[in-house]
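Residue-level listing of the chains:
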Amino acid sequence: MEVNGIQAMITVPVPADFVLVPRDEWLRLSRLNDENAEDGDQKWLKNKVGIQNAKKLDEVLLNPFFKELDARNGGPIQFGGQGSAWKVNKRRFLAWYDENWNRIWGGVKS
């Protein structure tokens, strides 16, 4: 039995506001973006999790997950000393927050 092949050329429209890049270039740029991720502060964190009260933030997020969140343990938040500002790696915090949503909010009543 003889098999014949068909060769076809198709055109895929790419929107004007998109750019096609090779995968290895995209990975390089993605890593670079992670290294230079914009840092947030305590105000950004409160807005992102929807808790404005510092005591409630401690109760829900910081006390139960402090070791995981602390940058000294590889976490996304660099806690300042007494009266010092925090630095929150936004990208890493959001990834952690998404992964741990159920652990954080599982039994908490607002």
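So, here's what we can say about the structure. (Residues numbered from 1 in each chain as written. Predicted model: local features only at pLDDT ≥ 70, side-chain atom pairs only at ≥ 80, totals over all residues. Heavy atoms only, no water.)

## Quick look at the overall build of the protein
Next up, step 1: Tallying secondary structure elements over the protein gives five helices and three strands in all.
Next up, step 2: Taken against the 2.2 N^0.38 rule, which gives 13 Å for 110 residues, the C-alpha radius of gyration of the protein at 22 Å runs more than 25% over that of a compact globule.
Next up, step 3: Seen through its C-alpha atoms, the protein measures out along the principal axes to roughly 75 × 30 × 30 Å.
Next up, step 4: The contacts of the protein with a sequence gap of at least 6 include a subset with a gap of at least 24, amounting to 52%.
Next up, step 5: Roughly 9000 Å² of accessible area belongs to the protein as shown, and the carbon and sulfur atoms make up 51% of that amount.
Next up, step 6: Each charge class in the protein can be summarised by its mean position, and for the 16 positive and 15 negative side chains these summaries are 9 Å apart. (Helix = DSSP H or I, 4+ residues; strand = E, 2+ residues; numbered from the N terminus. Rg over C-alpha atoms; globule rule 2.2 N^0.38 Å. Contact = heavy atoms within 4.5 Å. Areas by Shrake-Rupley, 256 points an atom, 1.4 Å probe, with all protein chains shown as cover. Lys, Arg positive; Asp, Glu negative; His and termini not counted. Charge placed at Lys NZ, Arg CZ, Asp CG, Glu CD.)

## Observations regarding the nonpolar core
Next up, step 1: One finds L45, V49, L57, L61, L69, F93 and W96 to be the most contacted residues of the largest nonpolar core, which totals 17 residues.
Next up, step 2: At the level of elements, α2 (42-49), α3 (54-69) and α4 (90-99) are the ones that each hand at least two residues to this core.
Next up, step 3: The element best represented in this core is α3, accounting for six residues.
Next up, step 4: Setting aside residues no more than four positions away along its own chain, V49 makes contact with L57, L61, F93, Y97 and W105. (Core = buried A, V, L, I, M, F, W, Y, C linked by side-chain atoms within 4.5 Å. Buried < 20%, exposed > 50% of the residue type's maximum accessible area, 1.4 Å probe, protein only.)

## Quick word on α4
A turn of α-helix holds 3.6 residues, and therefore any two residues three or four places apart point the same way.
Next up, step 1: Residues of α4 that are buried: K90, F93, W96 and Y97. Along the axis of α4, the buried positions cluster into a sector of 130 degrees, meaning they face one direction only. Exposed positions of α4 whose direction lies more than 90 degrees from the buried face are D98 and E99.
Next up, step 2: For α4, the N-terminal cap is N89; the gap from its side-chain oxygen to the backbone nitrogen of R91 is 3.3 Å. (Arc of directions from axis to C-beta. Polar contact = N/O pair within 3.5 Å; in protein donor to acceptor, adjacent residues only side chain to side chain.)

## A short note on the packing of aromatic side chains
By convention here, two paired aromatic rings are described through the distance between centres and the angle between planes.
Next up, step 1: Within the structure shown, the criterion is met by eight aromatic pairs.
Next up, step 2: Members of the aromatic cluster, connected to one another through ring pairs, are W44, F65, F93, W96, Y97, W101 and W105. (Phe/Tyr/Trp six-rings, centres within 6.5 Å; stacked < 30°, edge-to-face > 60°.)

## Let's talk about the pattern of salt bridges
Next up, step 1: Here the structure, examined in full by the defined rule, presents four salt bridges.
Next up, step 2: For D70, the salt bridge is made with R72, and the minimal N-O distance between the two is 2.6 Å.
Next up, step 3: Given the relative accessible area of 69%, R72 is considered exposed. (Salt bridge = Lys/Arg side-chain N within 4 Å of Asp/Glu carboxyl O.)

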